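# Understanding the architecture of this molecule
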There are 2 protein chains.
Amino acid sequence: MQFTSEKRLDDGVLEREFTLGEIPGILWTPGSASAPTPLILIGHPGGLRMMHPRLAGRARHYAVGYGFAAATIELPGSGERPRSAAAEQARGDLRRAMAAGQPVGEIVDRLVLPLVEKAVPEWQAALDALLSLPGIGGPVGYSGGVISIGVRLAVAEPRVVAAGLFAGSFVPRAIFEEARRVTIPLHVLLQWDDEGNDRQAALDLFDAFGSEEKSLHANMGGHTGVPAFAGEDAARFFARHLS
Amino acid sequence: MQFTSEKRLDDGVLEREFTLGEIPGILWTPGSASAPTPLILIGHPGGLRMMHPRLAGRARHYAVGYGFAAATIELPGSGERPRSAAAEQARGDLRRAMAAGQPVGEIVDRLVLPLVEKAVPEWQAALDALLSLPGIGGPVGYSGGVISIGVRLAVAEPRVVAAGLFAGSFVPRAIFEEARRVTIPLHVLLQWDDEGNDRQAALDLFDAFGSEEKSLHANMGGHTGVPAFAGEDAARFFARHLS
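Residues numbered from 1 in each chain as written. Chains lettered and ligands numbered in written order. Predicted model: local features only at pLDDT ≥ 70, side-chain atom pairs only at ≥ 80, totals over all residues. Heavy atoms only, no water.

### Section: the packing of helix α3 (residues 105–131) of chain B against helix α4 (residues 147–156) of chain B
Residue and element names in this part refer to chain B. Where we set the bar: Note on geometry: axes are lines fitted to C-alpha atoms, helical ones only across the stretch in contact, with angles between N-to-C directions running from 0 to 180 degrees. A run of H or I in DSSP becomes a helix once it reaches four residues, and a run of E becomes a strand once it reaches two; helices and strands are each numbered from the N terminus. Note that the term roughly parallel is reserved for angles under 35 degrees, roughly antiparallel for angles over 145, roughly perpendicular for angles of 65 to 115, and oblique for everything else. Take the far helix as the reference: if the near one is turned anticlockwise from it by less than a right angle, the crossing is left-handed, and if turned clockwise, right-handed. Contact between two residues is taken to exist if any of their heavy atoms lie within 4.5 Å; hydrogens are not considered. Classification used: nonpolar for Ala, Val, Leu, Ile, Met, Phe, Trp, Tyr, Cys and Pro, charged for Asp, Glu, Lys and Arg, polar for all others including Gly.
Running from amino to carboxyl end, α3 crosses α4 at an angle of 50°, the nearest separation of the two axes being 9 Å. The angle between the axes of α3 and α4 places the two elements in the oblique class. The way α3 lies across α4 gives a crossing that is right-handed. Residues Val 112, Leu 115, Val 116, Glu 117, Ala 119, Val 120, Trp 123 and Gln 124 of α3 form the contact with α4, whose participating residues are Ser 148, Ile 149, Arg 152, Leu 153 and Ala 156. Class assignment of the residues belonging to the contact of α3 with α4 gives a composition of 9 nonpolar, 2 polar and 2 charged.

### Focus on the pairing of strand β8 (residues 186–191) of chain B
Residue and element names in this part refer to chain B. Heads up, the condition is: A simple rule labels every residue: compare its accessible area, found with a 1.4 Å probe on the protein chains alone, to the largest value its type can have, and call it buried under 20%, exposed over 50%, or partly exposed in between. The path from the first strand over the helix to the second decides the hand: if it runs clockwise while the strands point away from the viewer, the crossover is right-handed. Each pair of strands is called paired provided DSSP finds at least two bridges between the two strands.
The buried count for β8 comes to 6 of 6 residues, which makes it a mostly enclosed element. Burial along β8 is two-sided: Leu 186, Val 188 and Leu 190 facing one way and His 187, Leu 189 and Gln 191 facing the other are all buried. For the handedness criterion, the β-α-β arrangement of strand β7 (residues 160–166), helix α5 (residues 173–179) and β8 is classed as right-handed. For β8 and strand β9 (residues 214–219), the ladder comprises 6 bridges, and the chain directions are parallel. Note on β9: the bridge partner recorded for Leu 186 is Lys 214. With helix α6 (residues 199–208) bridging β8 and its parallel neighbour β9, the resulting β-α-β unit is right-handed.

### Quick notes on the interface of chain B and chain A
We count it as follows: In short, buried area is how much 1.4 Å probe accessible area vanishes from two parts on joining, totalled over both. A side-chain nitrogen of Lys or Arg and a carboxyl oxygen of Asp or Glu constitute a salt bridge if their distance falls within 4 Å.
At the interface, 19 residues of chain B touch 19 residues of chain A. Between chain B and chain A, the buried area comes to about 1,700 Å², and carbon and sulfur atoms account for 55% of it. The largest per-residue losses of area from chain B upon contact with chain A belong to Trp 192, Met 220 and Phe 229 of chain B, which jointly make up 29% of the total buried on that side. On the surface where chain B and chain A come into contact, there are 2 salt bridges. Here Asp 207 of chain B and Arg 199 of chain A are joined by a salt bridge, their closest N and O atoms 3.1 Å apart.

### Points about the relation of the copies chain B and chain A
Applicable threshold: When the copies are overlaid, the least-squares fit takes in C-alpha atoms only where the residue has pLDDT of at least 70 in both copies.
Screw-axis analysis of chain B against chain A gives a translation of 0.0 Å along the axis, an RMSD of 0.0 Å, and a rotation angle of 180°. Read as a symmetry element, the transformation amounts to a two-fold axis. Scanning chain B for the C-alpha nearest the rotation axis identifies His 217 of chain B, at a separation of 2.4 Å. Most of the interface of chain B is mirrored in chain A: 100% of its interface residues are interface residues there too.

### So, unusual backbone geometry
Residue Pro 139 of chain A follows Gly 138 of chain A across a cis peptide bond; omega there is 0°. In this fold, Pro 139 of chain A is placed in strand β6 (residues 136–144). Look at Val 146 of chain B: it is not a glycine, yet its phi comes out positive at around 45°. Position of Val 146 of chain B relative to the elements: it lies in the loop between β6 (136–144) and α4.

Printed below as a string of structure tokens:
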């Protein structure tokens, strides 16, 4: 892990960009911390540059409000990373199938399963590097998008002890089955009036999770209109489980 | 409205029992308040004596944490109030129909609609009396059980500006239609693994609400096992809308 830039933000949070091999990432740490801090891995749909303002907003909220560190890495095939021809093909197929009202299950498998297979070990490698830094001690939470990556991490990575997930429809059947094996506390956000989301599929996935503590928070506001208070509730979920 | 007893609790909250005509009720006010306080009407399934510890717990949380007053009254046909023969008959019919796996829609109408018709004007009369007391100024929220009463109050009573409801299955079709006319902010609690609750009916009702701001919080823990953090989230909902 190599740091490539460093910026002290006006709330005291230190924002550092890094590379992990060829993978770009960003680490946010609180301005002052007396003990090693918990860490939240912030997931996203890919495209770090474009997502930066929203990811930084969440990270700074965790850092200033709760003293947590937060970090994210670019997804395979997104942002400045090399495209995957197979994923680009699947993405096009998905668009066409949806426009034509055709079933998408097989295409979702082709699009999402290779992404999960490649991304999850990368997040785990990032975790190795991040937890070896002075001042970052865990425990670790995963927060965010590409719910299939969150599910796999929740099952496969014992250092992740709590996950806040954004409900999404495009979940391969194999990941749905994996959800039954998730046992860590979950906080799932669903935009009830999200027209790009299959609400019933999201409810079915929530039902499938094996966790004894799982909460679904459904709100209005459309796909990108998660209300500020819903972000607050999610942050308090992490405060309960990481503090 | 006549006060019949008065008790200062160890957190400074003043608990006063009262009667409004023949209806018993309880009022909790914060130990110290410099200005007229908002008021939360606390709903319940009937039976004040039995429900008292849980209702007092919620009221004291609102009073100590947020400086709100809270009040409740007994439901028609419950506790020490005269039984309704028709309601007792409907209750028995409902038990038998459910045990036999028969449809219950008509029985739910017979049980719940007269209750709503009678209870809602009583809550409104209580509101008249409570808001005329020194130190209680509104705005008013409704929090609690018998979701059909909450729906009718939300539609019919303009002084109620926010409602926190417990999802329930036994909602008459007429009330379901009324839900579309609700426009105030809503916070709906659903126990996801509540075996006595028809989850799909609860989700359909949530979907029907006309409110621009509505949130569904689904948690585990069975019918009576609402987690403490879910109560916290509900209290913050009222803090946002009544403070």
